[in-house]
Amino acid sequence: MSKRDYYEVLGLSKGASDDEIKRAYRKMAKKYHPDVNKDPGAEESFKEVNEAYEVLSDPQKKATYDQFGHAGMDGANFGGGAGGFGGFEDFGDIFGSFFGGGFGGGGSRRASNGPRKGNDRFMQMRIEFMDAIFGKTETVTIEVDEQCDECMGSGAKSKSDIKSCPHCNGTGTVTTQQRTPFGVFQSQSVCPDCNGTGKTIVNKCPKCHGKGYEHKRVKLDIKIPAGIQSGQQVRVPNKGERGVNGGPNGDLYIEILVSRHKQFVRDGNDIRITVPISAVDAILGCKVDVPTVYGDVELTIPAGTQFGQQFRLKGKGVKSASSRGNQGDQYVEVKVEVPTKITRDEKELYEKIRNKKSHESPFDKFKKAFK
């Protein structure tokens with residue numbers, strides 16, 4: 001089965017910027033990560049996404065891939081050599097780029113058997129509105145593979161118990177050759193005896209039984225910074241998937257989801273709220289105690305306030321999660337409520353006001369526009 005185009009895997013068009021590639025990778029990795037996606041094909045899709053990102057995030061690999069496609073990823077030397085084949089140093093390198101080895105025995109590709117950092121993990125955490133405003137520490141329980149503290153990840157009882165693999169001579173790969181009418185082709189694969197580590201263990205660590213890690217269920221105190229917004233992430237170092245060949249664990253990224261509040265609405269670092277007042281208070285003016293996230297604040301409503309009019313409470317918004325950011329404000333929108341039921345005395349008062357007609361009514365002004 002042929003490989004899909006790396007740009008297609010990440011949902012990008014050719015020529016995408018580094019930032020676009022990084023954003024696309026995070027989105028796709030989170031979508032297909034086996035920890036959150038249990039579909040049968042999710043793990044293979046996740047591996048495909050990681051492979052695409054490994055190439056496109058590296059400027060040199062990306063340039064090679066843009067020029068030669070998947071064929072350029074098989075180890076041929078594209079270092080700008082002269083010749084009649086677009087930079088290939090000799091005819092053998094063309095075959096090497098397609099078959100992973102040199103033509104006639106040259107140009108072999110060696111897989112890395114050194115320590116490699118593990119993949120990152122992703123999870124989501126929902127918090128209350130006020131916790132996002134003021135921050136909090138949330139305790140979560142996760143399962144993680146942590147480096148064995150007895151052997152420090154080597155899997156051996158002692159350093160002297162670690163030997164070079166005799167099958168691959170410590171390279172982690174084995175080379176096979178095949179004679180064809182075009183010459184001798186050679187290819188490399190992971191050593192089956194050491195699984196690519198290049199090492200064998202004589203006596204295994206008694207604590208982890210040679211695995212180099214221990215599977216643990218641990219509690220983590222996650223510090224949620226004040227001012228965090230939905231969609232932002234908190235990074236927990238070294239709590240991702242375990243590394244390869246003794247490499248460090250990846251990181252854990254926790255996406256924060258903030259629950260809605262019944263009255264407050266967040267708008268960046270500003271907070272908005274709607275408060276109801278009576279028609280009489282809107283006409284004559286009044287003072288009201290307006291709720292804020294920091295407690296009630298007295299607000300003066302001037303006479304003649306209109307429906308939907310807004311008032312600003314400076315500095316009563318959210319403190320920015322960034323040390324360079326400014327604190328927001330709170331905006332109070334007035335909702336003038338007209339009563340649906342009134343008493344006999346109230347009706348008489350309103351009738352007197354209407355009959356007096358000291359001012360032209362809004363409807364009278366409206367009708368004049370048609371004359």
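What you are looking at is a predicted structure, and each value in this text was computed from that prediction instead of being measured.

**Examining helix H4 (residues 59–68)**
Along an α-helix, residues three or four positions apart point the same way, because every turn accommodates 3.6 residues.
Next, step 1: Taken residue by residue, H4 has Lys62, Thr64 and Tyr65 as its buried positions. Burial along H4 is one-sided: seen end-on, the buried residues are contained in an arc of 165 degrees. Across H4 from its buried face, at more than 90 degrees, point the exposed residues Pro59, Gln60 and Gln67.
Next, step 2: Of the surrounding secondary structure, the elements contacted by the buried residues of H4 are helix H1 (6–9), helix H2 (18–32) and helix H3 (42–56).
Next, step 3: For H4, the N-terminal cap is Asp58; the gap from its side-chain oxygen to the backbone nitrogen of Gln60 is 3.0 Å.
Next, step 4: Phi turns positive one or two residues past the end of H4, at Gly69, with a value near 70 degrees.

**Details of the packing of H2 against H3**
Next, step 1: For the pair H2 and H3, the least separation of the axes is 9 Å and the interaxial angle reads 165 degrees. Taken together, the axes of H2 and H3 are roughly antiparallel relative to one another. Here H2 and H3 pass one another in a crossing that is left-handed. Between H2 and H3, the residues in contact are Ile21, Lys22, Tyr25, Met28, Ala29 and Tyr32 and Ala42, Ser45, Phe46, Val49, Asn50, Tyr53 and Leu56, respectively.
Next, step 2: Residue classes in the contact of H2 with H3 are distributed as ten nonpolar, two polar and one charged.

**Observations concerning the pattern of salt bridges**
Opposite charge on two side chains makes pairing possible when the charged atoms of those side chains draw close.
Next, step 1: Applying the stated criterion across every chain, the model contains 20 salt bridges.
Next, step 2: Through salt bridges with shared partners, one network takes in Arg4, Glu8 and Glu48.

**Considerations on the sheet that holds strand E1 (residues 121–127)**
Sheets are built from strands that pair by backbone hydrogen bonding, the pairs being arranged parallel or antiparallel.
Next, step 1: Spatially, E1-E9-E8 is the arrangement adopted by the three strands of the open sheet, whose pairing is mixed. Each end of this open sheet is capped by a strand with a single partner; those strands are E1 and strand E8 (233–236). Sheet twist, expressed as the average angle between the axes of neighbouring strands with direction ignored, equals 25 degrees.
Next, step 2: When E8 meets strand E9 (residues 252–258), the two strands line up antiparallel, connected through four bridges. By the bridge assignment, Arg235 is partnered in E9 with Tyr253.

**Overview of unusual backbone geometry**
Next, step 1: Positive phi, normally seen in glycine, also occurs at Asn169, with a value near 60 degrees.
Next, step 2: The exposed category is assigned to Asn169, whose relative accessible area is 63%.
Next, step 3: Positive phi, normally seen in glycine, also occurs at His209, with a value near 60 degrees.
Next, step 4: Tracing the chain through its elements places His209 in the loop between strand E6 (199–201) and strand E7 (213–224).

**Looking at the UniProt feature "binding site: Zn(2+) 1" (unreviewed entry) in the protein**
Next, step 1: Mapped onto this numbering, the UniProt entry annotates "binding site: Zn(2+) 1" (unreviewed entry) at Cys148, Cys151, Cys205 and Cys208. Over a stretch of 61 residues, the named residues converge on one spot in the fold, their C-alpha atoms separated by at most 9.1 Å.
Next, step 2: Along the chain, Cys148 falls in the loop between strand E2 (136–147) and strand E3 (162–164).
Next, step 3: Discounting residues that sit within four places of it in the chain, Cys148 has contacts with Gly153, Cys205, Lys207, Cys208, Gly212, Tyr213 and Glu214.
Next, step 4: By the element assignment, Cys208 lies in the loop between E6 and E7.
Next, step 5: Cys208 has contacts with Cys148, Cys151, Gly155, Tyr213 and Glu214, leaving out every residue within four places of it along the chain.

**Some words on the side chain of Thr305**
Next, step 1: Along the chain, Thr305 turns up in the loop between strand E13 (297–301) and strand E14 (310–313).
Next, step 2: Taking the relative accessible area as the measure of exposure, Thr305 reaches 5% and is therefore buried.
Next, step 3: In this structure the side chain of Thr305 is engaged in a polar contact, spanning 2.6 Å, whose partner is the backbone oxygen of Pro302.
Next, step 4: In contact with Thr305, not counting residues within four places along its chain, are Ala282, Phe311, Val334 and Val336.

**Description of the sheet that holds E14**
Next, step 1: Reading across the sheet, the four strands line up as E10-E11-E15-E14 and stay open at both edges, with mixed pairing between neighbours. The outermost strands of the open sheet, each flanked by one partner alone, are strand E10 (265–267) and E14. Strand-to-strand twist of the sheet, defined as the mean angle between neighbouring strand axes without regard to direction, takes the value 35 degrees.
Next, step 2: For E10 and strand E11 (residues 270–278), the ladder comprises three bridges, and the chain directions are antiparallel. For Asp267, the partnering residue across the bridge sits in E11 and is Asp270.

Reading the values: rules and limits
- Residues numbered from 1 in each chain as written.
- Predicted model: local features only at pLDDT ≥ 70, side-chain atom pairs only at ≥ 80, totals over all residues.
- Heavy atoms only, no water.
- Buried < 20%, exposed > 50% of the residue type's maximum accessible area, 1.4 Å probe, protein only.
- Helix = DSSP H or I, 4+ residues; strand = E, 2+ residues; numbered from the N terminus.
- Arc of directions from axis to C-beta.
- Contact = heavy atoms within 4.5 Å.
- Polar contact = N/O pair within 3.5 Å; in protein donor to acceptor, adjacent residues only side chain to side chain.
- Axes fitted to C-alpha atoms, helices over the stretch in contact; angles between N-to-C directions.
- Parallel < 35°, antiparallel > 145°, perpendicular 65-115°, else oblique.
- Left-handed = near helix turned anticlockwise from the far one by under 90°.
- Nonpolar A, V, L, I, M, F, W, Y, C, P; charged D, E, K, R; others polar.
- Salt bridge = Lys/Arg side-chain N within 4 Å of Asp/Glu carboxyl O.
- Pairing = 2+ DSSP bridges.
- UniProt positions renumbered as here; feature names shortened; annotations may be inferred.

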